[in-house]
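# Structure at a glance
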Amino acid sequence: MLKASILLVTVFCISLPALPQESQSAKAAPVGSIAAHPDWPKANPADVSSVEAILASLYDVISGPAGQPRDWNRFRSLFVPDARLIPVRHSKEGTGADIAIYTPEQYQERAATALEKGFFERGIHNTTESFGDIVQVFSTYESRHAKDGQPFQRGINSIQLLKDGKRYWVVTILWDGESSENPIPAKYLP
C-alpha cells in the first residue's frame, strides 16, 4: 500500500506541467531610488564630484545668516530621492536613545524656520572609509548661530554615500550631538 501511494504521488508530480519561465520572471526588478524619480532636482556637478565636494556642499547648503532662505532644491539634489536623515534623540531622564527618521522633504519642513534664524554648520574632521561604490564618513561638526560665532553644538554626522560612476549621492545621515556624558573621542577631532 505504501509503495503504491509513493508510486502514485511520483507519477502525479512527473505529469504536472512545469511552470512557464515567464511567470517566474514576470516580476519586474525593483526600480532604484534614482531611476524611479527622473524629476528629482539635478545637482551642480561641482557639488557632487568628490567626497570632499559633496560634504562641503552639504554643510554649505544648510548654512546662512538670519533671514536667508536656504536653497532646498540644491539640498535635495545632493540626496538619493529615498534618502534618510536621522537624528539621535536622548531621553531627558538619561535612560536611553531613540531616533527620528526624515526624508529630505520632511527635514526641510522641520528645519527651514530654525535654520533661517541664523545657522552655520561646518565639518572640522572627517574619517572616511570606502569599498566599491559605498563610502562611510564620520564627519565631526560644529554648529553656530553666526558664521564666526562660538559653537553652540558639536557632534558627529555618520554619512553614507553612493558613487554611481558619475557623482556621489547622500544616502543616509545619522547624527548624534556631543554632551558631557557623550564627549567626542579624540580620534574624531582635528
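Reading the values: the criteria
Residues numbered from 1 in each chain as written. Predicted model: local features only at pLDDT ≥ 70, side-chain atom pairs only at ≥ 80, totals over all residues. Heavy atoms only, no water. Core = buried A, V, L, I, M, F, W, Y, C linked by side-chain atoms within 4.5 Å. Buried < 20%, exposed > 50% of the residue type's maximum accessible area, 1.4 Å probe, protein only. Helix = DSSP H or I, 4+ residues; strand = E, 2+ residues; numbered from the N terminus. Contact = heavy atoms within 4.5 Å. pLDDT = per-residue confidence, 0-100. Salt bridge = Lys/Arg side-chain N within 4 Å of Asp/Glu carboxyl O.

## Overview of the nonpolar core
- With 34 residues, the main nonpolar core has F75, F79, L85, Y107, I159, L161 and I173 as its most contacted residues.
- Contributing elements (two or more residues each) for this core: α3 (51-62), α4 (72-77), β1 (79-90), α5 (104-115), β4 (134-144), β5 (153-163) and β6 (168-177).
- Looking at this core, the element that brings in the most residues is α3, giving 7 residues.
- Residues in contact with Y107, not counting those within four places in the same chain, are W72, F75, L85, Y102, A112, L115 and W175.

## Notes on the confidence of the model for the protein chain
- In the predicted model, the protein chain carries a mean pLDDT of 88, and 85% of its residues have values of at least 70.
- Confidence drops under pLDDT 50 across residues 4-16; counting only partners more than four residues distant or on other chains, this segment forms 0 contacts.

## Looking at the pattern of salt bridges
- Here the structure, examined in full by the defined rule, presents 6 salt bridges.
- Here D47 ties to R74 by a salt bridge, and the two come within 2.9 Å at their closest N and O atoms. Within this pair, whereas D47 is found in the loop between α2 (21-25) and α3, its partner R74 is found in helix α4, the two being separated by 27 residues in sequence.
- Here E105 ties to R76 by a salt bridge, and the two come within 3.4 Å at their closest N and O atoms. Taken together, the positions of E105 in helix α5 and R76 in helix α4 put the pair 29 residues apart, joining distant regions of the chain.
- Using a relative accessible area of 26% as the deciding quantity, one classes E105 as partly exposed.
- What emerges from the salt-bridge pattern is a single network uniting D47, D60 and R74.

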